[in-house]
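# Observations on the three-dimensional arrangement
Take a look at the letters that make up each chain.
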Protein chains: 2
Amino acid sequence: MSDGISGPCQIIESFELIGSKWRLIILNDLHGGEKRFNELKRSTDASSRTLSRILKELEESGLVNKEVIEDSPIATYYSLTEKGESLCPVFEEIEAWADEWL
Amino acid sequence: MSDGISGPCQIIESFELIGSKWRLIILNDLHGGEKRFNELKRSTDASSRTLSRILKELEESGLVNKEVIEDSPIATYYSLTEKGESLCPVFEEIEAWADEWL
DNA sequence: CAGAATCCTGGTGGATACTG
DNA sequence: CAGTATCCACCAGGATTCTG
């Protein structure tokens, strides 16, 4: 496709939502199903500071859903929204590319 | 690393190659065909410092090809390698996602 | 024209400690 | 458990200047 790309900005905009190391790691991690804060912390090896910031960003972008259960020890569950789930094809395409070229 | 999806690391690895604002902008710009340094500088509005750094990175990743023509005023042409071109489906998938969700 | 060198700033992210 | 607060280091990246 020689040009005709009307929206390079859209791609850039998209990458500003998902295209950072941490956002990717976390989104990917949540593809396995909902997880709690410390669970994510362990599996992603992010600092709590970073993790909470990224989760907040992803939440504000509408990619991640947060569910709080106010029990004795509080519990929060993070999961992908529909918008977040719909990134699957993108990830798959990247994986396909990686399989061929990495 | 995490379970379920086969290669989360690959995705992250891929994003370390292409997933930054400038890498994206430049890769996208080069989809229109080869360009010279200052041409890219103008169309992407990157500083020469940034542009040369990113181009070098992309070259080392094998995504971009550099061709130097040693004439009176030197001329360099940057273009996508096959590996770089093969990212098209990824970009298209992202655009599709952006069209639906942004 | 194509860059490299220098300087400087803001943001990202780690480590640690603390709170509800 | 699920964060927030503080401090601190590193590096991306802009502006500018200089060179082959």
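All residue numbers refer to position in the chain's written sequence, counted from 1. The naming scheme follows written order: chains are lettered A onward, ligands numbered 1 onward. Local features are withheld for residues below a pLDDT of 70 in this predicted model, meaning they are given only at 70 or higher, and side-chain atom pairs are given and counted only at 80 or more; totals for whole chains, interfaces and linings count all residues. Water and hydrogen atoms were dropped before computing side-chain values, which therefore reflect all heavy atoms in the structure.

Rotating chain A by 179° and translating it 0.0 Å along the rotation axis places it on chain B, where the RMSD comes to 0.1 Å. Those values place the two copies in the arrangement expected of a two-fold rotation axis. In terms of C-alpha distance to the rotation axis, chain A has Gly19(A) as its closest residue, with the C-alpha 2.7 Å off the axis. Note on definitions: a residue-residue contact is assigned when non-hydrogen atoms from the two residues lie within 4.5 Å. Comparing contact sets, 92% of the residues at the interface of chain A also lie at the interface in chain B, consistent with an isologous, same-surface contact. For this overlay, a least-squares fit was computed on C-alpha atoms, restricted to residues scoring pLDDT of at least 70 in both copies.

With that out of the way, let us pick up the protein's contact with DNA strand D. Whether a residue is near a molecule or strand is decided by its heavy atoms; if any one of them lies within 4 Å of it, the residue is near. Looking at DNA strand D, there are 19 residues lining it, with Thr76(A), Tyr78(A), Trp22(B), Arg49(B) and Thr50(B) nearest. When the atoms of DNA strand D within 4 Å of the protein are grouped by moiety, sugar and phosphate amount to 70% of the total. By the criterion applied in these results, polar contacts are pairs of N or O atoms within 3.5 Å in which, for protein atoms, one can donate a hydrogen and the other can accept it, and in which residues neighboring in sequence qualify only through two side-chain atoms. The side chain of Lys66(A) places a nitrogen or oxygen atom 3.0 Å from a phosphate oxygen of DNA strand D. Within the contact set of DNA strand D, a sugar or linking oxygen lies 3.5 Å away from a backbone nitrogen or oxygen of Ile74(A). Within the residue set of the surface near DNA strand D, elements represented by two or more residues are α3 (37–44), α4 (48–60) and β3 (75–80) of chain A together with α4 (48–60) of chain B. For the surface near DNA strand D, the element with the highest residue contribution is α4(B), accounting for 5 residues. Split by residue class, the surface near DNA strand D holds 6 nonpolar, 7 polar and 6 charged. Each helix is a run of DSSP H or I of at least 4 residues and each strand a run of E of at least 2, with the numbering of both proceeding from the N terminus. Under the scheme applied here, ten amino acids are nonpolar (Ala, Val, Leu, Ile, Met, Phe, Trp, Tyr, Cys and Pro), four are charged (Asp, Glu, Lys and Arg), and all others, including Gly, are polar.

Now for the pattern of salt bridges. Residue and element names in this part refer to chain A. Take a side-chain nitrogen of Lys or Arg and a carboxyl oxygen of Asp or Glu: if they are within 4 Å of each other, that pair is a salt bridge. Within this structure, the stated rule accounts for 6 salt bridges over all chains. The closest approach of N and O atoms between Arg23 and Glu57, which form a salt bridge, is 2.7 Å. In this pair, Arg23 sits in helix α2 (residues 21–30) while Glu57 sits in helix α4, placing the two residues 34 residues apart along the sequence. Under the scheme applied here, a residue whose accessible area is under 20% of the maximum for its type counts as buried, over 50% as exposed, and between as partly exposed, the area being computed with a 1.4 Å probe on protein chains only. Given a relative accessible area of 16%, Arg23 falls into the buried group.

Per-residue confidence from the predictor is reported as pLDDT, a score between 0 and 100. With 92% of its residues at a pLDDT of 70 or more, chain A shows a mean pLDDT of 90. Note that pLDDT drops below 50 for residues 1–6 of chain A; the model gives that stretch 9 contacts with residues more than four away or on any other chain.

Along the chain, the position of Ala96(A) falls in helix α6 (residues 88–101). Classification of Ala96(A) as partly exposed rests on a relative accessible area of 38%.

Moving on: the protein's contact with DNA strand C. Surveying the vicinity of DNA strand C reveals 17 residues, the closest of which are Trp22(A), Thr50(A), Arg53(A), Lys66(B) and Tyr78(B). Trp22(A) has a polar side-chain atom sitting 3.5 Å from a phosphate oxygen of DNA strand C. Ser48(B) is positioned with one of its side-chain polar atoms (N or O) 3.3 Å from a base nitrogen of DNA strand C. When contributions to the surface near DNA strand C are tallied by element, the ones reaching two or more residues are α4 of chain A together with α3 (37–44), α4 and β3 (75–80) of chain B. Residue composition of the surface near DNA strand C, grouped by class: 5 nonpolar, 6 polar and 6 charged.

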